[in-house]
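Chain and residue survey
Listed below, chain by chain, are the residues.
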Amino acid sequence: MDTLEKNSRIALENDYSEGAHPMILKRLAEINLEQNSGYCCDQYCASAADKIKKECGCPDAEVFFLVGGTQANQVVIDTMLAPYEGVVSAGSFCQQFLAGRQP
């Protein structure tokens, strides 16, 4: 049993607390020396966008890639809520979360 199988519990704390899956790292190593255009202007983003459209059953959809979860959350909030609406989050959540992480 490898490390991934032993640690099958997934922690969804954030998108930067761990490295990438070994298969992703392997593929990145394979294409590491390729020259690609800037973010969203390369064959890999185009391929990913096509796959997303297919899975969503929306071939004419526009797909936009964002650089992180915070940016994605902001876009969703801005597009889903009216200008006078907002998101409320209990401050105690962060305190409880951090309390469990203190050394």
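Shown above is the structure to which this text applies.
Residues numbered from 1 in each chain as written. Predicted model: local features only at pLDDT ≥ 70, side-chain atom pairs only at ≥ 80, totals over all residues. Heavy atoms only, no water.

1. A closer look at the overall build of the protein
On a plain count of helices and strands, the protein comes out with five helices and zero strands. Reading the protein from its N end, one meets helices and strands in the order α-α-α-α-α. Sorting the 103 residues of the protein into buried and exposed places 5% on the buried side. (Helix = DSSP H or I, 4+ residues; strand = E, 2+ residues; numbered from the N terminus. Buried < 20%, exposed > 50% of the residue type's maximum accessible area, 1.4 Å probe, protein only.)

2. Quick notes on the state of the cysteines
Under the criterion given, the structure shown has zero disulfides. Here Cys41 is not cross-linked by a disulfide; its sulfur's nearest cysteine counterpart is in Cys40, at 6.5 Å. Here Cys45 stays unpaired: no disulfide links it, and the sulfur of Cys40, its closest cysteine neighbor, is 4.7 Å away. By relative accessible area, Cys45 is classed as buried at 12%. (Disulfide = S-S within 2.5 Å.)

3. A closer look at the environment of Cys40
Along the chain, the position of Cys40 falls in the loop between helix H2 (22-31) and helix H3 (43-56). Residue classification places Cys40 among the partly exposed positions, given a relative accessible area of 34%. Between the alpha carbons of Cys40 and Val63 there is a distance of 9.8 Å; along the sequence they are 23 residues apart. If sequence neighbours within four positions are ignored, Cys40 has contacts with Cys45 and Phe65. (Contact = heavy atoms within 4.5 Å.)

4. A short note on the environment of Tyr44
In this fold, Tyr44 is placed in helix H3. With a relative accessible area of 27%, Tyr44 lands in the partly exposed category. With residues up to four places along the chain from it excluded, the contact list for Tyr44 reads Arg27, Ile31, Glu34 and Asn36.

5. Digging into the pattern of salt bridges
For the coordinates displayed, the defined rule picks out two salt bridges. A salt bridge links Glu30 to Lys26, with the shortest nitrogen-to-oxygen separation between them at 2.8 Å. With Glu30 and Lys26 both in helix H2 and four residues apart, this pair spans about one turn of that helix. You can call Glu30 partly exposed: its relative accessible area is 46%. As a salt-bridge pair, Arg27 and Glu30 come within 3.1 Å of each other at their nearest N and O atoms. Taken as a pair, Arg27 and Glu30 lie in helix H2 at a separation of three residues, close to a single helical turn. For Arg27, a relative accessible area of 41% gives the class partly exposed. Overlapping salt bridges bring together Lys26, Arg27 and Glu30 as one network. (Salt bridge = Lys/Arg side-chain N within 4 Å of Asp/Glu carboxyl O.)

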